[in-house]
Amino acid sequence: MKRHIGWIAGTAAAALVAAGAITYAVAEDGDGGGGGLSVPSADGADAGFARDMAVHHQQAVEMSYIVRDRTKNTEVRRLAYDIAQTQANQRGMLLGWLDLWDLPKVSAKPPMSWMGMGDMPERGDGSLMPGMATDTELKKLGTLNGEQAEIFYLQLMTDHHKGGIHMAEGCVAKCTVPVEKSLAQGMVDAQQSELTTMKQMLKERGAKPRD
């Protein structure tokens, strides 16, 4: 397991280093409007993905910092830290692109409308998109300690990653900005790897993902 966590830590560090270069590439390539290329539309996949994934990522960051206060387990705390740092950094990039494109960070349309899923039923209670935890689940996470907190966090984050992967795959298929498509594919690859790691961590605790 330490080998898996070490790999994730290295991946997270690499993502942080690459983030500035990717954001710079968007502006340098002109996708922010400075190089003469067309700016993505406010209702298109590029802007829609940036807005929705920023919201999705923010909850992952929140959950990760909650569990770090609820357990002393080194592996879970390291995983949570890596997820929080990576997704906070990616969130900043997504919001930065919206600034570069001079596009709004919120939309009157339902989440994931850019994927043709704007009419999907919501779970409610703060769960705006597939995989997102409810406010009640977040509150519960904040009341647990030790292994109970670890298990619930790993289950919530497994659901969260599955929803995030689905959305990122939508960007890979529909987005037009090359570096954004590349970032989305990187999210798919990294989160699929983390799903494998979290499944093993749950197994070690006599638990399994929620289905």
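Residues numbered from 1 in each chain as written. Predicted model: local features only at pLDDT ≥ 70, side-chain atom pairs only at ≥ 80, totals over all residues. Heavy atoms only, no water.

Caption draft 1: Spotlight on the pattern of salt bridges. Applying the stated criterion across every chain yields a total of six salt bridges. E150 is the salt-bridge partner of R205, the closest N and O atoms lying 2.7 Å from each other. Highlighted residues: R205 in the segment after α6 (178–204) and E150 in helix α5 (residues 146–174), separated in sequence by 55 residues. Note on accessibility: R205 and E150 belong to one class, buried. Here the salt bridges share partners, and the residues they tie into one network are E137, D159 and R210. (Salt bridge = Lys/Arg side-chain N within 4 Å of Asp/Glu carboxyl O. Helix = DSSP H or I, 4+ residues; strand = E, 2+ residues; numbered from the N terminus. Buried < 20%, exposed > 50% of the residue type's maximum accessible area, 1.4 Å probe, protein only.)

Caption draft 2: Spotlight on helix α3 (residues 74–100). In a regular helix each residue adds 1.5 Å, so 27 residues correspond to 39 Å; α3 covers 39 Å between its end C-alpha atoms and thus fits that length. Measuring from the backbone nitrogen of E75 back to the side-chain oxygen at the start of α3 gives 3.1 Å, which picks out N73 as the cap. After α3 finishes, the residue D102 shows a positive phi value of roughly 55°. (Expected span 1.5 Å × (residues − 1). Polar contact = N/O pair within 3.5 Å; in protein donor to acceptor, adjacent residues only side chain to side chain.)

Caption draft 3: Broad picture of the side chain of D46. One can find D46 in helix α2 (residues 45–68). Within the structure, the side chain of D46 is placed 2.7 Å from the side chain of T176, a separation counted as a polar contact. Sequence-distant contacts of D46, that is, excluding residues within four places in its chain, are made with P40, W101, C175, T176, V177 and E180. (Contact = heavy atoms within 4.5 Å.)

Caption draft 4: How the structure looks around the packing of aromatic side chains. A complete count under the given rule lists two aromatic pairs for this structure. On the basis of an interplanar angle of 80° and a centroid distance of 5.9 Å, the ring pair of F49 and W114 is categorised as edge-to-face. Of this pair, F49 sits in helix α2 while W114 sits in the loop between α3 and α4 (135–141); the two residues are 65 residues apart in sequence, bridging distant segments of the chain. Taking the centre distance of 6.3 Å and the plane angle of 35° together, the rings of W97 and W101 count as tilted. One exposure class covers both W97 and W101, and it is buried. Positioned above the aromatic ring of F152 is the side chain of K140, whose terminal nitrogen or guanidinium carbon lies 4.5 Å from the ring centre. (Phe/Tyr/Trp six-rings, centres within 6.5 Å; stacked < 30°, edge-to-face > 60°. Lys NZ or Arg CZ within 6 Å of the ring centre and 35° of its normal.)

Caption draft 5: Examining the state of the cysteines more closely. Across all of its chains, the model carries one disulfide by this definition. Between the sulfur of C171 and that of C175 lies a disulfide, 2.2 Å long from S to S. One disulfide, between C171 and C175, carries an S-S torsion of -120° and so falls in the left-handed class. Taken individually, C171 and C175 each receive the classification buried, so the pair is uniform in this respect. (Disulfide = S-S within 2.5 Å.)

Caption draft 6: Representation of the packing of α2 against α5 in the model. The contact between α2 and α5 brings their axes to 10 Å, and the two run at 170°. By the angle between their directions, the pair α2 and α5 is classed as roughly antiparallel. For the element pair α2 and α5, the recorded crossing hand is left-handed. Contact with α2, carried on its side by A45, F49, D52, M53, H56, Q59, A60, M63, S64 and V67, involves A149, E150, Y153, L156, M157, H160, G163, G164, M167, A168, C171 and K174 of α5 and no other residues of that element. Here the contact of α2 with α5 is composed, by residue class, of 13 nonpolar, six polar and three charged. (Axes fitted to C-alpha atoms, helices over the stretch in contact; angles between N-to-C directions. Parallel < 35°, antiparallel > 145°, perpendicular 65-115°, else oblique. Left-handed = near helix turned anticlockwise from the far one by under 90°. Nonpolar A, V, L, I, M, F, W, Y, C, P; charged D, E, K, R; others polar.)

Caption draft 7: Representation of unusual backbone geometry in the model. Residue M112 is not a glycine yet carries a positive backbone phi of 65°. Its location among the elements puts M112 in the loop between α3 and α4. Given a relative accessible area of 0%, M112 falls into the buried group. Of note, D125 is a non-glycine position whose phi angle comes to about 55°, a positive value. Structurally, D125 can be placed in the loop between α3 and α4.

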